[in-house]
Amino acid sequence: MVKGLYTAYTGMINEQHRMDVLTNNLANANTNGYKKEGATSQSFSDQLALKIKDYTDAPFTARGLGIINPGVKIGEGYVDWTEGPMRETGNTFDLAIGGYGFFGIEYAIKQTEPEEAQGEGGTVTETYMERYMRLQRQNRELAAYQAGKLSLDEMLEDGFQQQILYTRDGNFTLNADGVLVTQDGDFVLSADGGHIELDPNLPVQISMNGEISQDGEVVANIGVFDFEKQVALDGRISYDTLEHYGENGYVATGDAVAADATGSVYSGFLEQSNVSVVDEMVQMIAVQRNYDTNQKMITTIDDTLDKAVNQVGRLS
């Protein structure tokens with residue numbers, strides 16, 4: 001009976017995790033290029049239940065009672081890479097990818113962990129106040145970097161880390177220096193991995209193959225990158241070499257190498273999230289019911305144990 005408590009408990013933990021995933025999907029229902037996530041469940045390995053110390057059997061023997069399962073555990077998460085619908089904006093620098101591929105974003109990461117240095121007495125870790133002052137300085141430098149006043153090399157020398165994010169969110173703009181950036185000021189990469197510098201005084205045309213033209217000449221090419229994919233039997237794809245980072249982006253893991261993608265670039269459009277609000281709400285109702293069922297099971301077992309301890313065998 002006590003095992004039933006643990007089984008119901010694992011069910012509640014699993015449903016809580018599923019609810020967290022669904023809540024995150026709903027929160028990003030209006031996020032450009034967001035790909036909804038899902039959660040899987042796995043059962044623990046079956047175990048053979050044995051009855052021991054039962055003096056009705058021969059000494060030092062155990063009677064088999066059958067196979068039991070101790071409950072469910074949280075499985076692997078996954079990303080649904082289904083392409084979301086496109087919304088026309090009319091803005092030249094709003095870009096959407098039709099098919100497979102990601103935009104590359106140059107992202108500068110602050111070093112938030114305490115820095116260590118070798119001193120005369122050994123390793124010296126910066127104090128809380130020193131760390132606070134360093135992070136404040138890096139915040140100012142990050143703003144200068146996004147404004148084009150600091151180079152990436154200068155950022156790296158002062159404790160920043162360079163990271164390339166891959167995203168489907170193509171909501172871009174030009175900064176004051178005519179460089180193509182995200183709404184947060186991070187640089188959009190060209191096909192060769194460099195920054196995209198344009199003349200803000202000239203009109204811009206962007207073709208479906210990513211070529212950016214001004215005054216009749218091709219001046220840059222939008223970088224659209226892709227990675228090795230795994231295709232399931234139902235046609236769904238997965239990227240084992242991409243890891244969700246945050247900021248609506250992904251980072252390449254291990255020895256993953258970005259290659260040119262086959263997707264097309266659509267200027268004046270934004271890819272919307274592939275989250276269906278109705279589907280997520282229906283799943284949330286089912287998860288809540290499953291959670292309540294496990295909760296009632298725990299209450300029932302607890303009441304039964306209470307009666308077994310306090311009432312069974314009582315002499316009246």
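Reading the values: rules and limits
Residue numbers restart at each chain and count upward from 1, following the sequence in its written direction. Only residues with pLDDT of 70 or above have their local features reported here, since the model is predicted, and side-chain atom pairs are shown and tallied only from 80 upward, although totals for entire chains, interfaces and linings are computed over all residues. No hydrogens and no water enter the side-chain calculation; it runs on all heavy atoms of the structure. Going along the chain from the N terminus, every DSSP run of H or I of four or more residues is numbered as a helix, and every run of E of two or more is numbered as a strand. Each residue is assigned to one of three classes by its accessible area relative to the maximum for its type, calculated with a 1.4 Å probe on protein chains only: buried under 20%, partly exposed between the two thresholds, exposed over 50%. Residue contacts are counted whenever heavy atoms from the two residues lie within 4.5 Å of one another. Put simply, the grid is 1 Å and covers the protein atoms alone, a cavity is a trapped set of points that fit a 1.4 Å probe, a pocket is an open set with protein on both sides within 12 Å along at least five of seven lines, and lining residues have an atom within 4 Å of a point. Grid points are joined across faces, edges and corners, and a volume is the space filled by probe spheres set on the points. For this classification, the nonpolar set comprises Ala, Val, Leu, Ile, Met, Phe, Trp, Tyr, Cys and Pro, the charged set comprises Asp, Glu, Lys and Arg, and every other residue, Gly included, is treated as polar. Grouping buried Ala, Val, Leu, Ile, Met, Phe, Trp, Tyr and Cys residues that are joined through side-chain atoms within 4.5 Å yields what is termed a nonpolar core. Whether two aromatic rings pair depends on their centres lying within 6.5 Å, for rings of Phe, Tyr and Trp, where Trp uses its six-membered ring; planes under 30 degrees apart make the pair stacked, over 60 edge-to-face, and the rest tilted. Every axis corresponds to a line fitted to the C-alpha atoms, with the helix fit spanning only the stretch in contact, and the corresponding angles, defined between N-to-C directions, vary from 0 to 180 degrees. Each angle is binned into one of four classes, with values under 35 degrees roughly parallel, values over 145 roughly antiparallel, values of 65 to 115 roughly perpendicular, and all other values oblique. We call a crossing left-handed when the near helix sits turned anticlockwise from the far one by less than a right angle, and right-handed when that turn is clockwise. At least two bridges found by DSSP between two strands is the condition for calling them paired. For patch detection, residues must exceed 30% relative accessible area and be free of salt bridges, and they are connected within 9 Å for like charges or within 5 Å for nonpolar side chains (Val, Leu, Ile, Met, Phe, Trp, Tyr). Using a 1.4 Å probe, accessible areas were evaluated by the Shrake-Rupley method; residue-level cover was limited to the displayed protein chains. Salt bridge criterion: a side-chain nitrogen from Lys or Arg within 4 Å of a carboxyl oxygen from Asp or Glu.

J.: Give me the lowdown on the overall build of the chain, citing residues and values where you can.
T.: When helices and strands are tallied, the chain shows four helices and 24 strands. By residue count, 35% of the 316 residues in the chain fall in the buried class. Pairs at least 24 apart in sequence give 66% of the contacts found in the chain among residues at least 6 apart.

J.: Describe in detail the side chain of Ser213, supporting the description with residues and values.
T.: In this structure, Ser213 sits in strand S15 (residues 211–214). Judged by relative accessible area, Ser213 falls into the buried class, the value being 17%. If near-sequence neighbours (up to four positions away) are discounted, Ser213 is found in contact with Pro203, Val204, Gln205, Val218 and Val219.

J.: Which residues make up the layout of surface pockets, and what are the values?
T.: Of the volumes computed, that of the largest pocket is approximately 530 Å³. Along the walls of the largest pocket sit 22 residues, with Gly77, Tyr78, Val79, Trp81 and Ser238 positioned nearest its centre. At the level of secondary structure, the elements contributing two or more residues to the lining of the largest pocket comprise helix H1 (2–27), strand S1 (37–43), strand S4 (72–79), strand S19 (237–238) and strand S20 (242–246). When residues of the lining of the largest pocket are assigned to their parent elements, the largest contribution, four residues, is made by S4. Looking at the lining of the largest pocket residue by residue, the class counts come to 10 nonpolar, six polar and six charged.

J.: Would you mind going over the nonpolar core in detail, with residue names and values included?
T.: Counting residues in each nonpolar core, the largest one holds 21 residues, and the members touching the most others are Ile196, Ile212 and Ile222. Listing elements by their share of this core, those giving two or more residues are strand S6 (95–98) and strand S7 (102–109). Broken down by element, the residue count for this core peaks at three residues, all from S7. Those residues in contact with Ile222 that sit more than four places away from it in its chain are Leu95, Phe103, Leu180, Leu189, Ser190, Ala191, Ile196, Gly210 and Ile212. Phe102, Tyr166, Ile237 and Leu242 belong to the second largest nonpolar core, which has nine residues in total.

J.: Describe unusual backbone geometry, naming the residues involved and giving the relevant values.
T.: The phi torsion at Asp215 lies on the positive side, around 55 degrees, for a residue other than glycine. Its place among the elements puts Asp215 in the loop between S15 and strand S16 (217–221).

J.: So, the packing of aromatic side chains: which residues are in play, and what are the values?
T.: Under the definition given, this model contains eight aromatic pairs. Between Trp81 and Phe102, the ring centres sit 5.6 Å apart and the planes meet at 90 degrees, which makes this aromatic pair edge-to-face. One end of the pair, Trp81, is in the loop between S4 and strand S5 (86–88); the other, Phe102, is in strand S7, with 21 residues separating them in the sequence. Using a relative accessible area of 1% as the deciding quantity, one classes Phe102 as buried. Following the ring pairs from residue to residue traces out a cluster consisting of Trp81, Phe102, Tyr239 and Tyr250.

J.: I'd like a rundown of the packing of H1 against helix H4 (residues 277–310), residues and numbers included.
T.: For the pair H1 and H4, the least separation of the axes is 9 Å and the interaxial angle reads 160 degrees. Taken together, the axis directions place H1 and H4 in an arrangement best described as roughly antiparallel. The way H1 lies across H4 gives a crossing that is left-handed. Its residues placed into classes, the contact of H1 with H4 shows 17 nonpolar, 11 polar and three charged.

J.: Let's hear about the sheet that holds strand S14 (residues 205–206): which residues, and what values?
T.: Within a sheet, neighbouring strands are paired by backbone hydrogen bonds and run either parallel or antiparallel to one another. The strand order across the open sheet formed by three strands is S14-S15-S16, and the pairing between neighbours is antiparallel. Because the sheet does not close on itself, it has two edges, and the strands there are S14 and S16.

J.: So what about a nonpolar patch on the surface? Which residues, and what values?
T.: The grouping of Tyr9, Ile13 and Ile74 at the surface amounts to a nonpolar patch, some 270 Å² of accessible area in total. Classification of Ile13 by relative accessible area gives partly exposed; the value is 38%.

J.: Which residues make up the pattern of salt bridges, and what are the values?
T.: Counted under the stated rule, the structure contains four salt bridges. Salt-bridge contacts for Lys35 lead to Glu271; the nearest nitrogen and oxygen are separated by 2.4 Å. Taken as a pair, Lys35 in the loop between H1 and S1 and Glu271 in strand S24 (residues 269–271) lie far apart in primary sequence, 236 residues in all. For Lys35, a relative accessible area of 2% translates into the label buried. Between Arg168 and Glu271 there is a salt bridge whose closest N-O contact spans 2.9 Å. Pair noted here: Arg168 is in the loop between strand S10 (161–167) and strand S11 (172–174) and Glu271 is in strand S24, with a separation of 103 residues, a long-range link. Comparing Arg168 with Glu271, the two get one shared label, buried. Salt bridges sharing partners connect three or more residues here, namely Lys35, Arg168 and Glu271.

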